[in-house]
Amino acid sequence: KRQGPRVAKKRFNGEDALTPREIQDKQNEGMRLSKALALLGVASRRGAEEIIFAGRVTVNGAVVETPQHTVSPNRDAIAVDGRAVDGGLALEQTHAYFILNKPKGYLCSNKASSGGTRGGNDKLVLDLFEDYRSAWRKKHPGKLPPRLFTVGRLDVNTTGMLLVTTDGQWCQRVAHPSAEIVKSYVLTADKRPTKAQVKKMAEGCIVDGKKVTPRNVESMENARDGGPLNRVSVDVVDGRNREVREIAANAGVGVKKLKRVRVGGLRMPSELPLGKYMTLKPHQVGYVLDKGLANNEKAREETGRMGKSF
C-alpha cells in the first residue's frame, strides 16, 4: 500500500537524452535578447521587448534596442538599467514556492515595467511579495531577484488560495487544463440557493465559447463547520476566466463572495491571514499534483473536508 503523496512522473522533453556536454553546448547557443531576458526572470517576453526598445538594456557594455539581437546568457554580460542580470535562480540553486491568501481588490497581473499598463490605484498580487524581494536583494546586493509567477489567476473580486512560484515550468504544468488539477471554491450566494439552482450549476454552461461542467457542485447547508446556509461548494478543472461566476449566473445564483480553498491535493490553511503568504515545503508542493490525495475519501472523513491541509 502506497504511503505519502504519489511521485509525479517525469515528462520526457527531449533534453533528458542529451549528454552533459550537449546540454552545455545548447545553453551556449544564441537566442533572442527578449527571450533571454524572459528566461532570466527580468520580465515577460512582451515586457522584455518594451524594456529593450526603451534603451535600458546593454550587452557587453553596448546598448541594444532590438529584441532580435542574438545573445548567449552563459557568455554575454547582460545588464538592465546598469545592473547585471543573473536572473536570481543561478544564485539560489532552487525554486521557491508560496501559497498566498489573496485579498479582494488585487490583480493577478504584472507591473507596467513588464509590458502592461497600470493605473494609479491598481493593487497587484505580486506587490504582497515585496518583503521577499527586499530580503533577496539584501542577501544578493546588486542582483535582480527571480521573477515570480502566479499559478493561474483569480479575478479581482475573488479571494483565497493562490500559488506563486519562481518555477515557470511547474507553473504552466499546474495551470494548464490538460493537468486536470481540481480547484475548489466556496461560493457565498446573496440568498440561499434552491436545489434546482444547485442542480443547474452542476450541469455547467458555456464559458468563453466552450461548454464547461464542474467536477462537483453541492450545497453546504449541512456542512459541519456551522457556517452560513447560503454557501455552495464548487470544484472545477478547466480554470477559465470567471468560470465559477458564469456557472452561478447561468443558474440564477447571485454571488456575494467567492473564495478558492484548494488546488489539487493542497488546501489553504485556515490560519493564514488575508494578504499573507507561506513558503511551501517540498512535500507540500507535491500535494498540488497528487490526484490520488485530492480524491482520497479517507482524507474527507478524517478532516471533514477534501484535500490535505498543513
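Here the structure is shown first, and the text comes after it.
From a predicted model like this one, the values you see are computed outputs, not experimental measurements. (Residues numbered from 1 in each chain as written. Predicted model: local features only at pLDDT ≥ 70, side-chain atom pairs only at ≥ 80, totals over all residues. Heavy atoms only, no water.)

## Observations regarding the overall build of the chain
Moving on, step 1. The secondary structure content of the chain amounts to 11 helices and 17 strands.
Moving on, step 2. In the chain, 64% of the contacts between residues at least 6 apart in sequence involve partners at least 24 apart.
Moving on, step 3. As displayed, the chain offers around 17200 Å² of accessible surface, 48% of which is attributable to carbon and sulfur atoms. (Helix = DSSP H or I, 4+ residues; strand = E, 2+ residues; numbered from the N terminus. Contact = heavy atoms within 4.5 Å. Areas by Shrake-Rupley, 256 points an atom, 1.4 Å probe, with all protein chains shown as cover.)

## Focus: the packing of aromatic side chains
Moving on, step 1. Throughout the structure, instances matching the rule amount to five aromatic pairs.
Moving on, step 2. Ring centres of phenylalanine 98 and tyrosine 132 lie 5.1 Å apart, and the angle between their planes is 70°; on these two criteria the pair is classed as edge-to-face. Here the residue phenylalanine 98 occupies a position in strand β7 (residues 97–102), and tyrosine 132 occupies one in helix α5 (residues 130–139), the gap between them amounting to 34 residues.
Moving on, step 3. Here the aromatic rings of phenylalanine 98 and tyrosine 277 are separated by 5.3 Å at their centres, their planes lie at 80°, and the arrangement is edge-to-face. Placement of the pair is phenylalanine 98 in strand β7 and tyrosine 277 in strand β17 (residues 277–279), with a sequence separation of 179 residues.
Moving on, step 4. Among the aromatic residues, those joined into a cluster by ring pairs are Phe98, Phe129, Tyr132 and Tyr277. (Phe/Tyr/Trp six-rings, centres within 6.5 Å; stacked < 30°, edge-to-face > 60°.)

## Considerations on the environment of aspartate 290
Moving on, step 1. By the secondary structure assignment, aspartate 290 is in the loop between α9 (282–288) and α10 (291–294).
Moving on, step 2. Overall, aspartate 290 belongs to the buried group, its relative accessible area being 2%.
Moving on, step 3. For the pair aspartate 290 and leucine 266, spaced 24 residues apart in sequence, the C-alpha separation works out to 8.6 Å. (Buried < 20%, exposed > 50% of the residue type's maximum accessible area, 1.4 Å probe, protein only.)

## Regarding the nonpolar core
Moving on, step 1. Judged by nonpolar contacts, the single largest core of 33 residues is most densely connected at Phe129, Leu187 and Met201.
Moving on, step 2. Going through the elements one at a time, β7, α5, β9 (159–165), β10 (183–189), α7 (195–203), β11 (205–207), β14 (231–236) and α8 (243–250) are the ones with two or more residues in this core.
Moving on, step 3. Non-local contacts of phenylalanine 129, meaning those with residues more than four positions away in its chain, are made with Phe98, Leu100, Leu148, Val164 and Tyr277. (Core = buried A, V, L, I, M, F, W, Y, C linked by side-chain atoms within 4.5 Å.)

## Concerning the sheet that holds strand β3 (residues 62–63)
Strand pairing in a sheet is mediated by backbone hydrogen bonds. Such pairs are either parallel or antiparallel.
Moving on, step 1. If you walk across this open sheet you meet the four strands as β3-β2-β5-β6, and the pairing is antiparallel. Edge strands, defined here as strands with exactly one partner in the open sheet, are β3 and β6 (83–84).
Moving on, step 2. Both strand β2 (residues 57–59) and strand β5 (residues 78–80) contribute to a ladder of three bridges, which runs antiparallel. Pairing of valine 59 across the sheet is with isoleucine 78, part of β5. (Pairing = 2+ DSSP bridges.)

## Examining helix α3 (residues 45–53)
Moving on, step 1. Of all the residues in α3, the buried ones are Gly47, Ala48, Ile51 and Ile52. Along the axis of α3, the buried positions cluster into a sector of 140°, meaning they face one direction only.
Moving on, step 2. Buried positions along α3 lie against α2 (33–39), β2 and β5.
Moving on, step 3. With its phi angle positive at about 75°, glycine 55 sits one or two positions after the end of α3. (Arc of directions from axis to C-beta.)

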